[in-house]
There are 2 protein chains.
Amino acid sequence: MADNNGKNFVIGVDLGGTKILAGVFDTKLQSLGTTKISTKPQRGSDAVIERVARCVLDAIDECDLSTKQVRAVGIGAPGAVDPEHGEVIFAPNLDWKEVALVKELEKRLDIPVFLENDCKACLLGVYEQELKRKQRHVLGIFIGTGIGGAMIINGELYAGSSHTAGELGHMVIDVNGPKCSCGNKGCFEVFSSRLALFRAIQAAVKDGQKSVLTEMLGDDLKDLRSGDIRKAIRRGDKTVEKIVEEAAEYTGIAVGNLVNILNPEIVVLGGGVMEALADEMMPAIVKSAKSHVLPGTYRNVEIIASKLGDNAGITGAAVLAREKTR
Amino acid sequence: MADNNGKNFVIGVDLGGTKILAGVFDTKLQSLGTTKISTKPQRGSDAVIERVARCVLDAIDECDLSTKQVRAVGIGAPGAVDPEHGEVIFAPNLDWKEVALVKELEKRLDIPVFLENDCKACLLGVYEQELKRKQRHVLGIFIGTGIGGAMIINGELYAGSSHTAGELGHMVIDVNGPKCSCGNKGCFEVFSSRLALFRAIQAAVKDGQKSVLTEMLGDDLKDLRSGDIRKAIRRGDKTVEKIVEEAAEYTGIAVGNLVNILNPEIVVLGGGVMEALADEMMPAIVKSAKSHVLPGTYRNVEIIASKLGDNAGITGAAVLAREKTR
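Here is a short report on the structure shown in this document.

### Quick word on the side chain of B:E116
Residue and element names in this part refer to chain B. Positionally, E116 belongs in strand β8 (residues 113–117). At 2.7 Å, the side chain of E116 forms a polar contact with the side chain of H163. Beyond its immediate sequence surroundings of up to four residues, E116 is in contact with I75, G76, A77, V81, P83, A121, L157, H163 and L320.

Have a look at this one:
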């Protein structure tokens with residue numbers, strides 16, 4: 001560390017479609033503090049990059065540090081990214097195409113910036129901080145607004161040939177299922193993402209099924225959040241419970257498929273939906289996965305929910321920043 | 001080679017549920033000759049191992065060689081195998097459980113024997129002989145009686161944590177689909193394997209649909225083979241053509257799922273069904289795969305049918321034997 005000119009800190013940024021989260025870490029990955037602001041993607045990529053820079057600077061200031069003490073910034077961005085050229089190639093939920101994120105951020109921060117896909121960053125955080133790099137082959141499934149994934153293979157993030165490996169949210173598991181935003185039918189994401197849960201609950205309520213959520217939020221279920229779903233289940237809401245149970249069963253089928261294909265030592269589930277609903281969903285996920293994995297392949301496979309929650313992304317981005325400046 | 005005491009040849013064996021194929025290769029992987037006998041799994045594992053040994057010895061004799069000139073034997077066996085301990089752990093289509101194949105073969109042959117899963121051996125053969133190891137990430141899908149797969153990741157066969165990676169035939173692609181022999185519903189294998197094609201054709205004929213196959217083979221379609229399906233299509237059989245087209249579409253969906261997850265440089269389709277029906281199936285497979293791969297991920301992915309056919313397994317097993325005795 002001394003050989004890094006007293007630059008003893010790294011920043012991890014999680015750039016999402018809704019919010020930007022920045023965390024300051026020391027080089028042992030201890031968190032010193034985090035800052036969060038909204039993304040406001042409708043303002044365009046320049047404005048968002050400006051906001052990312054501000055979030056990073058605020059986080060540094062919040063921790064009573066100066067940019068001179070920061071060795072590097074890692075950032076996880078959604079969609080297809082090109083880490084080598086520091087570009088976000090295609091990010092539908094930011095409405096970005098070919099944005100030179102790294103160059104633009106470095107211009108504003110005067111700190112080296114390193115880019116990774118958000119799910120890959122999350123898995124890197126889980127692998128380093130939560131799993132302590134104990135396994136060689138790890139599958140990460142992140143369930144939020146959409147569903148994405150990433151893999152550790154032979155102890156390293158697996159990128160694939162054009163850095164897009166891990167797009168498991170669009171694995172078709174029901175060819176005749178409901179239409180997905182990607183244009184195909186019956187993708188995993190259509191059944192188990194936050195959007196899928198919200199749609200199913202709204203449809204059920206519209207259909208006249210009873211739910212405590214209408215008491216909590218009104219008949220239009222405005223501002224429904226994953227946390228509300230948890231509260232509803234804990235208050236005995238059978239309508240919501242059944243919908244979540246079904247989403248968990250589909251998740252288990254997806255996990256089963258992926259375990260058969262990849263034979264990892266461990267499957268880690270994360271993302272906002274899992275953070276809010278792990279207790280409610282995990283038993284059904286594990287049961288459904290077990291019944292879909294071939295005999296022999298299931299042995300020794302662990303299926304767990306990450307405990308890092310929202311911090312997986314910033315932690316992984318910090319790990320990246322640290323790795324790149326060792 | 002001289003440093004291997006004049007042992008300038010390796011043998012590759014493909015042990016299938018129906019037949020055993022053994023091929024003699026020089027260390028540049030030029031084939032000198034092959035021998036084939038039926039497996040007769042109903043006689044039990046000892047008898048089958050005896051037959052494998054006989055097939056190997058016949059192949060050596062056929063090429064006017066002696067066992068003393070053979071450096072090693074590689075063997076690809078179906079099901080879950082443990083290469084390290086030389087054991088076939090579980091092979092449903094041989095009805096084997098925990099068979100010490102390597103030890104038993106070495107006893108009979110007095111040549112070092114190396115074991116691999118059959119699909120992994122096939123992909124190794126394709127990778128070395130057909131692709132010339134040009135790509136770093138390769139997905140192999142082998143469609144025969146059942147469907148299996150294997151992956152090359154970072155230039156090496158990927159085994160997973162317990163050597164069962166690649167079981168993509170049981171990827172669920174239609175949760176409400178027909179029942180599979182594995183107990184689940186709508187596995188890839190249920191739609192596109194040789195058995196699936198045969199079942200669909202038999203059902204269509206029983207249902208009164210016209211097919212030239214009944215002229216060729218009689219109403220019960222006894223002894224139907226993949227080659228007959230090709231002949232029927234070439235004779236303008238619309239019933240058979242439609243069934244094969246559907247199987248190809250499902251295969252394309254599976255390929256799409258796997259490309260999204262693994263982002264390989266190339267997907268190679270092989271196995272008996274592809275050997276017989278590549279011309280008929282490939283256009284529909286590629287079209288369906290393209291429509292299921294996320295934009296950005298499809299770029300640069302090649303989807304091809306292997307030209308090695310039946311020789312993929314013995315070639316890969318020979319590659320293994322050569323690698324292990326370098």
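### Examining the interface of chain A and chain B
With 42 residues of chain A at the interface, the matching set in chain B holds 42 residues. Counting each side, the surface lost to burial between chain A and chain B is near 3,500 Å², with a carbon and sulfur contribution of 55%. The largest share of the area that chain A buries against chain B comes from A:Y158, A:I261 and A:N263, three residues that together contribute 17% of it. Where chain A packs against chain B, one counts 0 salt bridges. Our count for the contact surface shared by chain A and chain B stands at 26 residue pairs in polar contact (both at pLDDT 80 or more). At the level of elements, β6 (87–91), β10 (147–153), α8 (238–262) and α9 (272–292) of chain A are the ones that each hand at least two residues to the side of chain A that touches chain B. Looking at the side of chain A that touches chain B, the element that brings in the most residues is α8(A), giving 7 residues.

### Examining the sheet that holds strand β3 (residues 31–38) of chain A
All names here are of chain A. One open sheet accounts for 5 strands, arranged β3-β2-β1-β4-β8; its pairing is mixed. Of all strands in the sheet, those bounded by a partner on one side alone are β3 and β8 (113–117). For this sheet, the mean angle separating the axes of adjacent strands, direction not counted, is 20 degrees. In terms of strand pairing, strand β2 (residues 19–26) meets β3 through 7 bridges, oriented antiparallel. Residue pairing in the sheet places V24 in a bridge with G33 of β3. Contacts from helix α1 (residues 45–62) reach β1 (9–15), β2, β3 and β4 (70–77), with the element oriented near 35 degrees to β2. Seen against the sheet, helix α2 (residues 101–109) touches β1, β4 and β8 and runs at an angle of roughly 145 degrees to β8.

### As for the side chain of A:K120
Residue and element names in this part refer to chain A. Checked against the element boundaries, K120 lands in helix α3 (residues 118–130). Within the buried set, K120 has no salt-bridge partner at all; the shortest N-O distance to an opposite charge, 5.1 Å, is to E116. In terms of polar contacts, K120 uses its side chain to reach the backbone carbonyl oxygen of H163, at 3.2 Å. Discounting chain neighbours no more than four positions away, the residues touching K120 are A150, L157, Y158, A159, H163, T164 and A165.

### Looking at the packing of α1(A) against α2(A)
All names here are of chain A. Between α1 and α2, whose axes approach to 10 Å, the crossing angle comes to 50 degrees. Taken as axis vectors, α1 and α2 run oblique relative to one another. Along this stretch, α1 crosses α2, giving a crossing that reads as right-handed. Residues D46, I49, E50, V52, A53, V56 and L57 of α1 form the contact with α2, whose participating residues are L101, E104, L105, R108 and L109. Per-class residue counts for the contact of α1 with α2 are 8 nonpolar, no polar and 4 charged.

### Re the relation of the copies chain A and chain B
Aligned on chain B, chain A shows an RMSD of 0.0 Å; the corresponding rotation is 180 degrees and the shift along the axis is 0.0 Å. Here the two chains are linked by the operation of a two-fold rotation axis. The residues that chain A uses at the interface reappear at the interface of chain B in 100% of cases, marking a shared surface.

### A word on the pairing of strand β4 (residues 70–77) of chain B
Residue and element names in this part refer to chain B. Most of β4 is tucked away: 8 of the 8 residues are buried. Note: strand β1 (residues 9–15) against β4, 6 bridges, orientation parallel. Residue pairing for β4: V10 is matched across the bridge by A72. Sheet topology places β4 next to β8; 5 bridges connect them, and they run parallel. When the sheet's bridge partners are listed, G74 is paired in β8 with F114.

### Structural notes on the sheet that holds strand β13 (residues 302–305) of chain A
Residue and element names in this part refer to chain A. If you trace the 5 strands from one edge of the open sheet to the other, you get β11-β10-β9-β12-β13, paired in mixed fashion. Strands at the two margins of the open sheet, each flanked by one partner only, are β11 (156–157) and β13. Of the strand pairs in this sheet, strand β12 (residues 266–270) and β13 are connected by 4 bridges, and their pairing is parallel. Each residue of the ladder has a partner; that of V267, found in β13, is I303. The sheet strands contacting α9 are β9 (138–143), β12 and β13, and the helix crosses β13 at an angle near 155 degrees.

### Quick look at the nonpolar core
One finds A:I141, A:I229, B:I141 and B:I229 to be the most contacted residues of the largest nonpolar core, which totals 118 residues. The residues touching A:I141, leaving out its near neighbours within four places in the chain, are A:I147, A:G148, A:G149, A:L168, A:F188, A:V255, A:L258, A:V267, A:V268, A:L269 and A:G270.

### Structural notes on the pattern of salt bridges
Taken as a whole and assessed by the stated rule, the structure comprises 26 salt bridges over all chains. Two residues, B:E104 and B:K107, come together in a salt bridge whose shortest N-O distance is 3.3 Å. Highlighted residues: B:E104 and B:K107, both in helix α2 (residues 101–109), separated by 3 residues, approximately one helical turn. One salt bridge connects B:E280 with B:R234, and the closest N-O pair in it is separated by 2.9 Å. Taken together, the residues B:E280 in helix α9 (residues 272–292) and B:R234 in helix α7 (residues 226–234) connect sequence positions 46 residues apart. Note on B:R234: relative accessible area 53%, which makes it exposed. Through salt bridges with shared partners, a single network forms among A:E50, A:E104, A:K107 and A:R108.

Rules used throughout
- Note that residues are indexed from 1 along each chain, following the sequence as it is written.
- Each chain is given a letter, starting from A, and each ligand a number, starting from 1, according to the order in which they appear as written.
- Only residues with pLDDT of at least 70 are given local features in this predicted model, and only at 80 or more are side-chain atom pairs given and counted; all residues enter the totals for whole chains, interfaces and linings.
- As a convention, hydrogens and water are excluded, and side-chain values are obtained from all of the structure's heavy atoms.
- Comment: elements are numbered from the N terminus, with helices defined as DSSP H or I runs of at least four residues and strands as E runs of at least two.
- For this analysis, a polar contact is any N or O atom pair within 3.5 Å, provided that within protein one partner can donate a hydrogen and the other can accept it, and provided that sequence-adjacent residues contribute only side-chain to side-chain pairs.
- Contacts were defined at the residue level, with two residues in contact if any of their heavy atoms lie within 4.5 Å.
- Buried area counts how much accessible surface, traced with a 1.4 Å probe, disappears from two parts once they are put together, with both parts' losses summed.
- By convention in these notes, a salt bridge is any Lys or Arg side-chain nitrogen within 4 Å of a carboxyl oxygen on Asp or Glu.
- A pair of strands is considered paired only if DSSP assigns at least 2 bridges between the two.
- Here the axes come from fitting lines to C-alpha atoms, over the contacting stretch only for helices, and the angles between their N-to-C directions go from 0 to 180 degrees.
- Burial here depends on accessible area, computed with a 1.4 Å probe over protein chains only, as a share of the maximum for the residue type. Under 20% is buried, over 50% is exposed, and the range in between is partly exposed.
- Counting rule for charge: Lys and Arg are taken as positive, Asp and Glu as negative, and neither His nor the chain ends is counted.
- To sort the angles, those under 35 degrees are grouped as roughly parallel, those over 145 as roughly antiparallel, those from 65 to 115 as roughly perpendicular, and the leftovers as oblique.
- In this scheme the crossing of two helices becomes right-handed for a clockwise turn of the near helix relative to the far one and left-handed for an anticlockwise turn of less than a right angle.
- When residue character is reported, Ala, Val, Leu, Ile, Met, Phe, Trp, Tyr, Cys and Pro are called nonpolar, Asp, Glu, Lys and Arg charged, and the others, Gly included, polar.
- We superpose the copies by least squares over the C-alpha atoms of residues that have a pLDDT of at least 70 in both of them.
- We call a set of buried Ala, Val, Leu, Ile, Met, Phe, Trp, Tyr and Cys residues a nonpolar core when their side-chain atoms join them within 4.5 Å.

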